[in-house]
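Chain by chain, the residues run as shown.
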Amino acid sequence: MTNVIQYLLKSTSQGKSFLFESVAMARKRRSSRLCYLCGKAGADSRDHVPPRGIFPKLPRGNLITVPAHKACNEAFSEDDEALRNVIIAASSRSEAGRQAWDEEVLPSFAKNPRARQFLLDRLVPVWVKDPQTGAFVRMTGIAVETSLYKRQMTRITRGLFYNRFRMPLPQDWPIKFHKMPPPEQSMRDLEALLARHGLKLRWQHVEPGIFSYYYGVVDEDNRIGIAVMVFFDTEVFWTKPGSGRGRHSN
Ligand SMILES: [Zn+2]
């Protein structure tokens, strides 16, 4: 260590200019970093994919982050809270879901009563067939606008795309979006869908039991793929970025 300090103290003008240049270059590199949301240069922060609030305070996994403008990222903050709350409310069958409800969602209502009202406004009675008795049982469900899921899953797809290809998903690419029943009911269909594109489901568990995904590349040259996202082993979505482009290859 002493040698390094001595070297730096004695560094020649040439050495100094090298140091100066590397700082300037790093700054330039940062400012040219493209935002995964709007696709423009100058990303000055990093965004979690999916939103950080989905995860516990001390996650064990390695969370995915991608470059974003602070402004682009912050435009989602209210939406992020709504997404977290509806996903966790819908995942009460999972141990991690119940824990997240008690430890994250309930305490957050004190700070943000509007978020509580948002959920209350969307409670609806649903009749569920009891698999044992065959009788219909009245339960409470949450009716959430598809637009919230679509907006957020599109954004998460942009994040996973960036994470896979190190570039933003082009703004004008259409992103097909589907919400699926829980894994035990939908995995067979999803596997069949992927198989039709020559893909095999291989999970990436970002935080086991909380968020897992699969990003399959159908067409490497055109960067067309399929993303499958599962939250709390309950809420399943899939998206197909770039669908409709290069229709000849479907
Ligand atoms: Zn941006």
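For clarity, every value in this text was computed on a predicted model and none was experimentally measured.

Scanning the chain from N- to C-terminus turns up eight helices and nine strands. The burial tally for the chain puts 27% of its 250 residues in the buried class. Relative to all contacts within the chain whose residues are 6 or more apart in sequence, the contacts with residues 24 or more apart total 58%.

Before going further, it helps to examine unusual backbone geometry. The linkage connecting Val-49 with the following residue, Pro-50, adopts the cis geometry, with an omega of -10°. Structurally, Pro-50 can be placed in the loop between strand E1 (45-49) and strand E2 (64-68). Not every positive phi belongs to a glycine, and Phe-232 is a case in point at roughly 50°. Despite not being glycine, Asp-233 shows a phi value in the positive range, around 50°. Along the chain, the position of Asp-233 falls in the loop between strand E8 (224-231) and strand E9 (235-241).

A word on the packing of helix H4 (residues 77-89) against helix H5 (residues 95-111). At a closest axis distance of 9 Å, the pairing of H4 and H5 adopts a crossing angle of 140°. As far as their axial angle goes, H5 and H4 are oblique. H4 and H5 meet at a crossing whose hand is left-handed. The segment H4 lies against H5, with Asn-85, Ile-88 and Ala-89 engaging Gly-97, Ala-100, Trp-101 and Val-105. Considered class by class, the residues forming the contact of H4 with H5 number five nonpolar, two polar and no charged.

With three bridges connecting them, strand E6 (residues 204-207) and strand E7 (residues 211-219) associate as antiparallel partners. By the bridge assignment for E7, Glu-207 is matched with Phe-211.

What follows is about the sheet that holds E7. If you walk across this open sheet you meet the five strands as E5-E9-E8-E7-E6, and the pairing is antiparallel. Here the strands that pair on one side only, and so sit at the sheet edges, are strand E5 (175-180) and E6. The mean angle between the axes of side-by-side strands here comes to 20°, regardless of whether they run parallel or antiparallel. Looking at chain direction, E7 and E8 are connected through eight bridges and run antiparallel.

For H5, spanning 17 residues, the distance from its first C-alpha to its last is 25 Å, which sits close to the expected 24 Å at 1.5 Å a residue. Elements in contact with the buried residues of H5: H4.

Conventions adopted
Along each chain, residues carry numbers from 1 onward, in the same order as the chain's sequence is written. With the structure being a predicted model, the display of local features is reserved for residues of pLDDT at least 70 and the display and counting of side-chain atom pairs for 80 or more, all residues being used for whole-chain, interface and lining totals. The helix and strand labels rest on DSSP assignments: H or I over at least four residues marks a helix, E over at least two residues marks a strand, and numbering proceeds from the N terminus. Burial is judged by counting the other C-beta atoms within 10 Å of a residue's own C-beta: 20 or more makes it buried, 12 or fewer makes it exposed, and any count in between marks it as partly exposed, with every C-beta position built from the backbone. It is the C-beta atoms, placed from the backbone, that decide contacts: two residues are in contact if theirs lie within 7 Å. Lines fitted to C-alpha atoms define the axes here, with helix axes fitted over just the stretch in contact, and angles between the N-to-C directions of these axes take values from 0 to 180 degrees. Any angle between 65 and 115 degrees counts as roughly perpendicular, while under 35 counts as roughly parallel, over 145 as roughly antiparallel, and the rest as oblique. Left-handed describes a crossing in which the near helix is turned anticlockwise from the far one by less than a right angle; the clockwise case is right-handed. Classification convention: Asp, Glu, Lys, Arg as charged; Ala, Val, Leu, Ile, Met, Phe, Trp, Tyr, Cys, Pro as nonpolar; all other residues, Gly among them, as polar. DSSP bridges decide pairing: two strands pair if at least two such bridges lie between them. Here a helix's expected span is defined as the number of its residues, less one, multiplied by 1.5 Å.

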